[in-house]
Each structure stands twice: as structure tokens, then as C-alpha cells.
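Structural overview
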Amino acid sequence: MTDVSPDTSDEPWKEDGQSWHLNERSNEETAGLLEDVTAALQELEFLNGPEWGQKHYVAFNKGRKRRIAIRTKRTLFHIDLYDVDTASLDAAEIADALGIDVESVAVKEDMRGSGRSGVRITCNPNQDIDFDALESQARKILGETTD
């Protein structure tokens, strides 16, 4: 009798999620940007991540709660930050800090019908995102500032 590991051939993201998101879900330019964004968000010491093992997104969690989901697509991806104080956030200020168009930032009371408030930042390779600002903005948006 042999140990049977779960068959992941039909679910390659469970076997090597990073490769799945970078090579299957994204094109080359988007994959490079995704690597830079996940590296910047890894600096958030209060979050665990990136966790690559989901089919449609890369997760950063605090305890058992997902606080950031990077929803990967071929030519862009969305950084969804959850459970935020939308009253104190301004999409234009966030976009300005990141060096991207205000159309790329949305502050929402209800993210994806989940009942959780959040901010969605849409990223594509044509943008020149400030990755240091991404880390500091994520801290601010998630209410985890160190000052």
C-alpha cells in the first residue's frame, strides 16, 4: 500500500501556485509587475503571505482573515484590500501616492458583494507604480500604521 498524495493535476495552482499565477494567469509583463507588487506587500510584517495556492488570487492574511487578495488576470490584476475604514480614505489621494490614474483606485463599502469594505487598486504593466508607496499606502489603508 502506498501513500497517495492528493491529485493536483487538475488543480495546478495547488501544486505550484506561484508558477500558476505568473505563467498561466498572467502574461510576461503582468507577471513581472505581480512579482514586484507581492515583494512590496511582503514587507507588511503583520500579514502572512503571499499565499499562492488559490486559483484566482494570491492572498495575504492576518490570522485566519484575508486582508489582501491580488486577483490575477492576463493583462492586469486587482489588489483588493479588505475591512478598511472607507470614510477616511480618498481614492484620488491613494492614486496620487502610488503614481497611477484615479480611475485605477476604487474605495467601496461592499467589495464583490462580500459585505466587507475595501479598496481595489487595478494594476497593469503600463503604470509606473511606486512600490515603496504601495507598502506605506497598504499599511494606511489597512489601519496598521506604525506611527
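Note that the structure is a prediction, hence the values are computed from the model and not measured.

The next subject is empty space enclosed by the protein. Tallied over the full model, the rule gives one cavity of 30 Å³ or more. Approximately 30 Å³ is the volume found for the largest cavity. If you go around the largest cavity, the residues you meet are Leu 89, Asp 90, Glu 93, Ile 94, Gln 137, Lys 140 and Ile 141. At three residues, the largest contribution of residues to the lining of the largest cavity is made by helix H5 (residues 131–141). Along the lines of polarity and charge, the residues of the lining of the largest cavity split into three nonpolar, one polar and three charged.

Moving on to the nonpolar core. Ranked by size, the top nonpolar core spans 35 residues in total, and within it Leu 41, Ile 68, Ile 70, Ile 79, Leu 81, Val 119 and Ile 121 carry the most contacts. Of all the secondary structure elements, the ones that give two or more residues to this core are helix H3 (28–41), strand E2 (57–62), strand E3 (65–72), strand E4 (77–82), helix H4 (91–98), strand E6 (118–123) and H5. The leading source of residues in this core is H3, at six residues. If we ignore the near neighbours within four places in the chain, the residues touching Ile 68 are Leu 41, Leu 44, Leu 47, Val 58, Ala 59, Phe 60, Ile 79, Asp 80, Leu 81 and Leu 142. One finds Tyr 57, Ala 59, Ala 69 and Met 111 within the second-largest nonpolar core, a separate group that totals five residues.

Interhelical geometry of H4 versus H5 gives an angle of 155° and a closest axis separation of 9 Å. Between H4 and H5, the interaxial angle falls into the category roughly antiparallel. Crossing hand, H4 versus H5: right-handed. Facing Glu 93, Ile 94, Ala 97 and Leu 98 of H4, the residues of H5 in contact are Ala 133, Leu 134, Gln 137, Lys 140 and Ile 141. For the contact of H4 with H5, a count of residues per class yields six nonpolar, one polar and two charged.

Thresholds, definitions, all that
Residues numbered from 1 in each chain as written. Predicted model: local features only at pLDDT ≥ 70, side-chain atom pairs only at ≥ 80, totals over all residues. Heavy atoms only, no water. 1 Å grid on protein atoms, 1.4 Å probe; cavity = no way out; pocket = protein on both sides within 12 Å on 5 of 7 lines; lining within 4 Å. Points joined across faces, edges and corners; volume = space filled by probe spheres on them. Helix = DSSP H or I, 4+ residues; strand = E, 2+ residues; numbered from the N terminus. Nonpolar A, V, L, I, M, F, W, Y, C, P; charged D, E, K, R; others polar. Core = buried A, V, L, I, M, F, W, Y, C linked by side-chain atoms within 4.5 Å. Buried < 20%, exposed > 50% of the residue type's maximum accessible area, 1.4 Å probe, protein only. Contact = heavy atoms within 4.5 Å. Axes fitted to C-alpha atoms, helices over the stretch in contact; angles between N-to-C directions. Parallel < 35°, antiparallel > 145°, perpendicular 65-115°, else oblique. Left-handed = near helix turned anticlockwise from the far one by under 90°.

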